[in-house]
Amino acid sequence: MAKRLRWKEYDYTIQVGPGNSWVYRPLITVEISAKAGEKVQLKAMIDSGTDSTILHAEIARKLQIDLARSQRVRLGGIGTIDGYLATVQLIVPDTNVVMKIPVVFAENLPFDGLLGQRHFFQRFKIRFEKDINKFYLTPV
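Can you help me understand the overall build of the protein in this one?
The helix and strand inventory of the protein stands at 2 helices and 12 strands. When the helices and strands of the protein are placed in sequence order, the string is β-β-β-β-β-β-α-β-β-β-β-α-β-β. The globule rule puts the C-alpha radius of gyration for 140 residues at 14 Å, and the 15 Å found for the protein is close to it. If one aligns the C-alpha atoms of the protein with their principal axes, the spans along those axes are about 50 × 40 × 25 Å.

What should I look at first to understand the sheet that holds strand β1 (residues 8–11) in this one?
Hydrogen bonding along the main chain pairs the strands of a sheet, whether they run parallel or antiparallel. Taken in spatial order, the 3 strands line up as β1-β12-β11 in an open sheet, and their pairing is antiparallel. Of all strands in the sheet, those with a lone pairing partner are β1 and β11 (124–129), marking the two edges. Direction aside, the axes of adjacent strands within the sheet are offset by 20° on average. Examined bridge by bridge, β11 and strand β12 (residues 134–139) share 6 bridges and lie antiparallel to one another.

Where do I start with the nonpolar core in this structure?
Across soluble globular proteins, nonpolar side chains show a tendency to be buried alongside one another. Counting residues in hydrophobic clusters, the biggest one holds 31 residues, and the most contacted among them are Ile28, Val30, Phe105 and Phe120. Within the residue set of this core, elements represented by two or more residues are β4 (27–33), β5 (39–46), α1 (57–62), β8 (80–92), β9 (97–106), β11 and β12. Broken down by element, the residue count for this core peaks at 5 residues, all from β9. Contacts of Ile28, omitting those with residues within four sequence positions, involve Tyr10, Leu42, Lys43, Ala44, Ile46, Val92, Leu115, Phe120, Phe135 and Leu137. By size, the runner-up hydrophobic cluster in this structure holds 11 residues, among which are Leu27, Met45, Ile54 and Val73.

Explain the side chain of Thr50 here, please?
You can see Thr50 is positioned in the loop between β5 and β6 (54–56). Within the local environment of Thr50, its side chain forms a polar contact with the side chain of Asp47, the two groups lying 2.4 Å apart. Ignoring anything within four residues of it in the chain, the contact list for Thr50 reads Leu114, Gly116 and Gln117.

Just checking my understanding: could you explain the packing of aromatic side chains for this structure?
The relation between two aromatic rings is expressed through the spacing of the ring centres and the mutual angle of the planes. This model, assessed by the stated rule, comprises 4 aromatic pairs. When the centroid spacing of 5.1 Å and the interplanar angle of 10° are considered together, the rings of Tyr10 and Phe135 count as stacked. Note that Tyr10 is positioned in strand β1 and Phe135 in strand β12, a separation of 125 residues in sequence. What makes Tyr10 buried here is its relative accessible area of 10%. Plain terms: the ring middles of Tyr12 and Phe135 are 5.4 Å apart, the flat faces sit at 80° to each other, and that makes the pair edge-to-face. Placement of Tyr12 in the loop between β1 and β2 (13–16) and of Phe135 in strand β12 is noted, with a sequence separation of 123 residues between them.

Honestly, the environment of Glu107 in this entry has me stumped. Any pointers?
By the secondary structure assignment, Glu107 is in the loop between β9 and β10 (113–115). Residues Glu107 and Trp22, spaced 85 residues apart in sequence, show a C-alpha to C-alpha distance of 25 Å. Not counting residues up to four positions away in its chain, the partners in contact with Glu107 are His56, Ala57 and Arg61. Engagement of the side chain of Glu107 in a polar contact is seen with the side chain of Arg61, the distance being 3.0 Å.

I would appreciate a short explanation of the side chain of Ser70 in the present structure.
Among the secondary structure elements, Ser70 is positioned in the loop between α1 and β7 (71–76). With relative accessibility at 17%, the residue Ser70 sits in the buried group. There is a polar contact of 3.4 Å between the side chain of Ser70 and the backbone oxygen of Asp66. Excluding residues within four positions of it along the chain, Ser70 makes contact with Ile65, Tyr84, Leu85 and Ala86.

Each value, and the rule that gives it
- Residues numbered from 1 in each chain as written.
- Predicted model: local features only at pLDDT ≥ 70, side-chain atom pairs only at ≥ 80, totals over all residues.
- Heavy atoms only, no water.
- Helix = DSSP H or I, 4+ residues; strand = E, 2+ residues; numbered from the N terminus.
- Rg over C-alpha atoms; globule rule 2.2 N^0.38 Å.
- Pairing = 2+ DSSP bridges.
- Axes fitted to C-alpha atoms, helices over the stretch in contact; angles between N-to-C directions.
- Core = buried A, V, L, I, M, F, W, Y, C linked by side-chain atoms within 4.5 Å.
- Buried < 20%, exposed > 50% of the residue type's maximum accessible area, 1.4 Å probe, protein only.
- Contact = heavy atoms within 4.5 Å.
- Polar contact = N/O pair within 3.5 Å; in protein donor to acceptor, adjacent residues only side chain to side chain.
- Phe/Tyr/Trp six-rings, centres within 6.5 Å; stacked < 30°, edge-to-face > 60°.

And the structure:
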């Protein structure tokens, strides 16, 4: 007998996009922590077009992560982004999933965070239903 999946339902979040248009984005609240004991909650976008998890550099400062001691990296794709690699603990509170993962902290990120294919998509099944502005997560 197949295991029945328990999906957590979310609504897309409406934000102002390019040209002052309204866009709907799959944002979830996550909690980030580091060795210093500080914790930061933020809204991060689930992004199937991003390979890694990328967080705004301001989050590193709040977590007391010294980016000057972190490895400098350059991510490529449609464009490039320079950042610093560090390991953090990421918690998805609605699912009780806790991950210790490497993330890239970048200054010029237009979001607090992007949850990419590596690590995040490996821990969750994700179902997007844009036509009804809903998306769903379940841990794997």
